[in-house]
Amino acid sequence: MNTPLIVGNWKMNTSLEEATTLAASIAQTVNNAGASVVVGICPPYPWIVPVGDIVRGSSLRMGAQDCASTESGAHTGDVSAAMLASCCSFTLIGHSERRSNHQETDDIVRQKLNRALDAGLDVILCVGESSAQRGAGEASNVVQHQLGAALEGFESSRLTSLTIAYEPVWAIGTGVAATEDDAAQMSTVIRHNLSERFESTSDSVRILYGGSANDRNAPAFLAANNVDGLLVGGASLSSDTFGSMIRCAANGA
Ligand code: PGA
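Rules used throughout
- Residues numbered from 1 in each chain as written.
- Predicted model: local features only at pLDDT ≥ 70, side-chain atom pairs only at ≥ 80, totals over all residues.
- Heavy atoms only, no water.
- Helix = DSSP H or I, 4+ residues; strand = E, 2+ residues; numbered from the N terminus.
- Buried < 20%, exposed > 50% of the residue type's maximum accessible area, 1.4 Å probe, protein only.
- Contact = heavy atoms within 4.5 Å.
- Salt bridge = Lys/Arg side-chain N within 4 Å of Asp/Glu carboxyl O.
- Disulfide = S-S within 2.5 Å.

Of note, Ser 96 is situated in helix 4 (residues 96-101). Residue classification places Ser 96 among the buried positions, given a relative accessible area of 16%. Not counting residues within four places of it along the chain, the set of residues in contact with Ser 96 comprises Val 169 and Ile 172.

Moving on, we get to the pattern of salt bridges. Any two side chains of opposite charge can pair, on the condition that their charged atoms come close. Enumeration according to the criterion identifies 16 salt bridges in this entry. As a salt-bridge pair, Glu 152 and Arg 110 come within 3.6 Å of each other at their nearest N and O atoms. Linking Glu 152 in the loop between helix 7 (139-150) and strand 6 (162-166) with Arg 110 in helix 5 (residues 106-118), this pair joins segments that are 42 residues apart in sequence. Judged by its relative accessible area of 53%, Glu 152 falls in the exposed class. Several salt bridges converge on common partners, so that one network encompasses Asp 66, Arg 98, Glu 104 and Lys 112.

Glancing now at the state of the cysteines. A full pass over the atoms with the stated rule returns zero disulfides. Cysteine Cys 42 remains unbridged, with the sulfur of Cys 88 as its closest cysteine sulfur at 7.7 Å. In this structure Cys 42 comes out as buried when scored by relative accessible area, which is 0%. Between Cys 126, a free cysteine, and Cys 42, which holds the nearest cysteine sulfur, the sulfur-to-sulfur gap is 8.8 Å. For Cys 126, a relative accessible area of 2% gives the class buried.

As structure tokens, then:
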């Protein structure tokens, strides 16, 4: 049984003042919750350092929403994994909004994953099918293909740095979450896929659910088979809602 992980993905939201206020409140909740839950937040890039300063001394983990696929150089607008490693402990990779809005292919996702790990960051690799793919009965094939492409050549010694987030595209930001059965089924598919690849060394890899997760559906998702936590978008922007999700994970552990 892995300690549950709750991660807030703030996306392109918050002013600096909102970000620091929200982070301070979350850090307080995390300190009160103790060691039975691990919590991370992914603020927009420019807020990572000031928010990190505010939460220093708490066990709240700082993360990024993405990193560059290249190491350094003439890449205007990109932020390298090494730069992020100086102010974060983890990054999301392969979020569906990156895949669709920025045409990130499986190859780019794999390059980013390896850059992040090389720089010493932990990675939350996001996978998930579209509604058309689910409708065509292709959901688990799509997810397994994304996993296989991203993890090609992956060494099992790096598994301690890896988390997988199952985020069905049709559930992200729509208010229509998957059912806990959908989440359990796909997490079990992911778990089997990892154990075929890496045997029992992969048991410690957390599998998160993401997509319209909130304080009302969190208890069911957190109780679902093979779901080790949540990747939360919209609901992570409210300290009350995100705070209840953290407490829920801490109490159920
Ligand atoms: P949502 O986003 O919770 O707003 O659906 C989840 C995500 O994109 O990580």
